[in-house]
Amino acid sequence: MSKKRTIDAFFDRTPKRPKQEADDADGSAPIEEPPGTSRHSHYPFEIAYLPAVVTRALASLPASPGKAINHQPDLDLLYFEPYIPRDMAKSLFHFLRAELPFYRVEYDIKRGGVQTHIRTPSRWTTVFGLDDTSCFDENGRVMDKTTGTEAADRRYDKYPPRPIPRCLDDLRKRTEAVTDGKFNFCLVNYYASGLDSISFHSDDERFLGRDPIIASFSLGAPRDFLLKHKPPVPPAGGQLAAPPSAAKPLKYSLRSGDMILMRGRTQTHWLHSVPKRTGRNEYDGGRINITFRRAMTKDGTENYYNYNVGCGPAYRWNEQSSEMVAWKP
Ligand SMILES: O=C(O)CCC(=O)C(=O)O
Ligand SMILES: [Fe+2]
């Protein structure tokens, strides 16, 4: 039997859960373990482990070597085309869409002194993880790394952190093993169609520290990924200058299984986006984006849960109606 057929066969979408287990702290389950689920009091539902054959296949990733993209000022990318073989990426897309809880976050911000209600982002999101000041113990409790006692902080009270489920943690560990990155957060976007998007931004929040390394995976429908240099910071009281003339905007068509590692000065000096896809390509199908990042402080934990989980209901993919449905326990 070919490798493809073997992996596809193991991505059996009918629930078959012979063994229920608490998630262990370091996620180091023996590979031969029968399928089980990650559980945590702050997951709305249990999240299946990857089939063991897929966990094993992760050990041989990346499927192709990364290509350095650093020919422009301040840009430092490593582009794997693909990182996950295309057939495995397709199965992983269907698995994660079906197994993960997703949210449609709404929040209030002050814009120009006016309180505004934001009903975007125009995509589904979810997040797992905990900043570097704390860790989960074997019972899933948040422990302060310095004192070794249970962490008490208002930022953790508002949005209780939850561990990265094993199905994503397997990929996180493999990504750490082949890059210079260390990651304690996993953010997931689901773009249901070409109408879902993310506007130009950079992931350069203070809580990520200097020159953060971010690994960004694409699964499912192809989408454009645009990059443009930020205008240089003007001198105090000065005019906004143009970006360095050598810096040209870039466009990559990200396909299922690709991974872009963003590193060095990229986040400080470049913006990136996934624009809407209209017309013929609008209903090409959904896309999942996974990013692994490292938050250094509690502000990172609060920010990520605030903007990617929020206070609304969890949703789960419904295969029959092909849509996200509010989760009722
Ligand atoms: O979907 C993508 O490829 C990019 C997502 C992204 O930039 C983000 O979540 O910060
Ligand atoms: Fe981003």
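Residues numbered from 1 in each chain as written. Chains lettered and ligands numbered in written order. Predicted model: local features only at pLDDT ≥ 70, side-chain atom pairs only at ≥ 80, totals over all residues. Heavy atoms only, no water.

## Here we look at the sheet that holds strand S13 (residues 223–229)
We apply this condition: The criterion for strand pairing is that DSSP finds at least two bridges linking the strands in question. Here a helix means four or more residues in a row that DSSP labels H or I, a strand means two or more in a row labelled E, and each is numbered from the N terminus. Convention adopted: a line fitted to C-alpha atoms gives each axis, helices being fitted over their contacting stretch, and angles between N-to-C directions are expressed from 0 to 180 degrees.
With respect to topology, four strands assemble into an open sheet ordered S11-S16-S13-S14, the strand pairing being antiparallel. Each having just a single partner strand, strand S11 (198–201) and strand S14 (250–254) make up the two edges of the open sheet. On average, each strand axis in the sheet is inclined to that of its neighbour by 15°, with strand direction left out of account. Relative to strand S16 (residues 270–274), S11 runs antiparallel, the two sharing two bridges. Bridge pairing links His201 to His272 in S16.

## Comments concerning the pairing of S14
Moving residue by residue along a regular strand, the side chains alternate between the two faces of the sheet. Just so we agree on the cut-off: In this scheme, a residue with accessible area under 20% of its type's maximum is buried, one over 50% is exposed, and one in between is partly exposed, where area comes from a 1.4 Å probe on protein chains only.
Burial along S14 is one-sided: the residues Leu250, Tyr252 and Leu254 are buried and none of Lys251 and Ser253 is. Direction of pairing for S13 relative to S14: antiparallel, over a ladder of five bridges. Across the sheet, residue Leu226 finds its bridge partner in S14, namely Lys251.

## A word on unusual backbone geometry
Across the junction of Leu61 and Pro62, the peptide omega takes the value 5°, indicating a cis bond. Among the secondary structure elements, Pro62 is positioned in the loop between helix H2 (52–58) and strand S3 (67–69). A cis amide bond, omega 0°, links Glu81 with the succeeding residue Pro82. With respect to the helices and strands, Pro82 occurs in the loop between strand S4 (77–80) and helix H3 (86–99). Even without a glycine there, the phi angle at Asp211 is positive, about 45°. Note on placement: Asp211 falls in the loop between S11 and strand S12 (214–220). Non-glycine residue Ser322 carries a positive phi angle of around 50°.

## A few points about the UniProt feature "binding site: substrate" (unreviewed entry) in the protein chain
Basically, it comes down to this: UniProt positions are given in the numbering used here, feature names are shortened, and annotations may be inferred rather than shown by experiment. Contacts are assigned to residue pairs with any non-hydrogen atoms lying within 4.5 Å of each other. A 3.5 Å cut-off defines polar contacts: any pair of N or O atoms within that distance qualifies, except that in protein one atom must be a possible hydrogen donor and the other a possible acceptor, and neighbouring residues in sequence count only when both atoms are side-chain atoms.
Sites flagged by UniProt as "binding site: substrate" (unreviewed entry) map to Asp204. Once residues within four sequence positions are removed from consideration, Asp204 is found in contact with Lys230 and Gln267. A distance of 3.2 Å separates polar atoms of two side chains, one belonging to Asp204 and the other to Ser202.

## A short note on the site of ligand 1
As a reminder of what qualifies: By convention in this text, a residue qualifies as near a molecule or strand provided that one of its non-hydrogen atoms is within 4 Å of it. To be clear on the numbers: accessible area is Shrake-Rupley with a 1.4 Å probe, and residue cover counts the displayed protein chains and nothing else. Each residue gets one label: Ala, Val, Leu, Ile, Met, Phe, Trp, Tyr, Cys and Pro are nonpolar, Asp, Glu, Lys and Arg are charged, and the others, such as Gly, are polar.
Near ligand 1, the surroundings consist of Asn189, Tyr191, Ile198, His201, Asp203, His272, Val274, Arg287, Asn289 and Arg293. A distance of 2.6 Å is found between an oxygen atom of ligand 1 and a side-chain nitrogen or oxygen belonging to Tyr191. Interatomic distance of 2.9 Å between a side-chain N/O atom of Arg293 and an oxygen atom of ligand 1. Taken by itself ligand 1 offers 300 Å² of open surface, and the protein chains cover 96% of this. Broken down by secondary-structure element, the contributors of at least two residues to the shell around ligand 1 are strand S10 (185–191), S11, S16 and strand S17 (287–293). Ranked by the residues each element gives to the shell around ligand 1, the list is headed by S17, at three residues. In terms of residue class, the shell around ligand 1 is built from three nonpolar, four polar and three charged.

## Section: the nonpolar core
Using the following cut-off: Among buried residues, the Ala, Val, Leu, Ile, Met, Phe, Trp, Tyr and Cys ones that are joined through side-chain atoms within 4.5 Å form a nonpolar core.
With 41 residues, the main nonpolar core has Ile84, Leu96, Leu100, Leu168, Phe217, Leu219 and Ile290 as its most contacted residues. When neighbours within four sequence positions are excluded, Leu219 is seen to be in contact with Ile84, Ala89, Leu92, Phe93, Leu96, Ser256, Gly257, Gly286, Arg287, Ile288 and Ile290. Among the nonpolar cores identified, the runner-up in size contains 17 residues, and Ile198, Ile214, Ala247 and Tyr252 belong to it.

## Details of the UniProt feature "binding site: 2-oxoglutarate" (unreviewed entry) in the protein chain
Following the UniProt record, the feature "binding site: 2-oxoglutarate" (unreviewed entry) maps to Asn189, Tyr191, His201, His272, Arg287, Thr291 and Arg293 here. Looking at where His272 falls in the secondary structure, it is placed in strand S16. Apart from the residues within four sequence positions on either side, His272 is in contact with Ser199, Phe200, His201, Ser202, Asp203, Phe225, Leu226, Leu227, Met262 and Gln267. Classification of Thr291 by relative accessible area gives buried; the value is 4%. Setting aside its immediate chain neighbours within four residues, Thr291 contacts Phe185, Cys186, Leu187, Ile214, Ala215 and Ser216.

## Describing the pattern of salt bridges
Put simply, the test is: Salt bridges are defined by distance alone: a side-chain nitrogen of Lys or Arg within 4 Å of a carboxyl oxygen of Asp or Glu.
Per the counting criterion, the structure on display carries 18 salt bridges. The closest approach of N and O atoms between Lys145 and Asp132, which form a salt bridge, is 3.7 Å. With a gap of 13 residues between them, Lys145 in the loop between strand S9 (142–144) and helix H4 (154–158) and Asp132 in the loop between strand S7 (124–129) and strand S8 (134–136) connect regions that are remote in the sequence. Glu302 is paired through a salt bridge with Arg154; the nearest N and O atoms lie 3.8 Å apart. Of this pair, Glu302 sits in helix H7 (residues 298–308) while Arg154 is found in helix H4, placing the two residues 148 residues apart along the sequence.

## Looking at the coordination of the iron ion (ligand 2)
Worth spelling out the cut-off: Here the coordinating atoms are restricted to nitrogen, oxygen and sulfur within 2.8 Å of the metal centre, or 3.2 Å for Na, K and Ca, and because water is not among them the sites may look incomplete.
Every protein donor of the iron ion (ligand 2) is listed here as His201 (NE2), Asp203 (OD) and His272 (NE2), and their distances to the metal cover 2.1 to 2.2 Å. Written as a sequence motif, the donor arrangement for the iron ion (ligand 2) is H-x1-D-x68-H. Here the residue His201 occupies a position in strand S11, and His272 occupies one in strand S16, the gap between them amounting to 71 residues. For His272, a relative accessible area of 6% puts it in the buried group.

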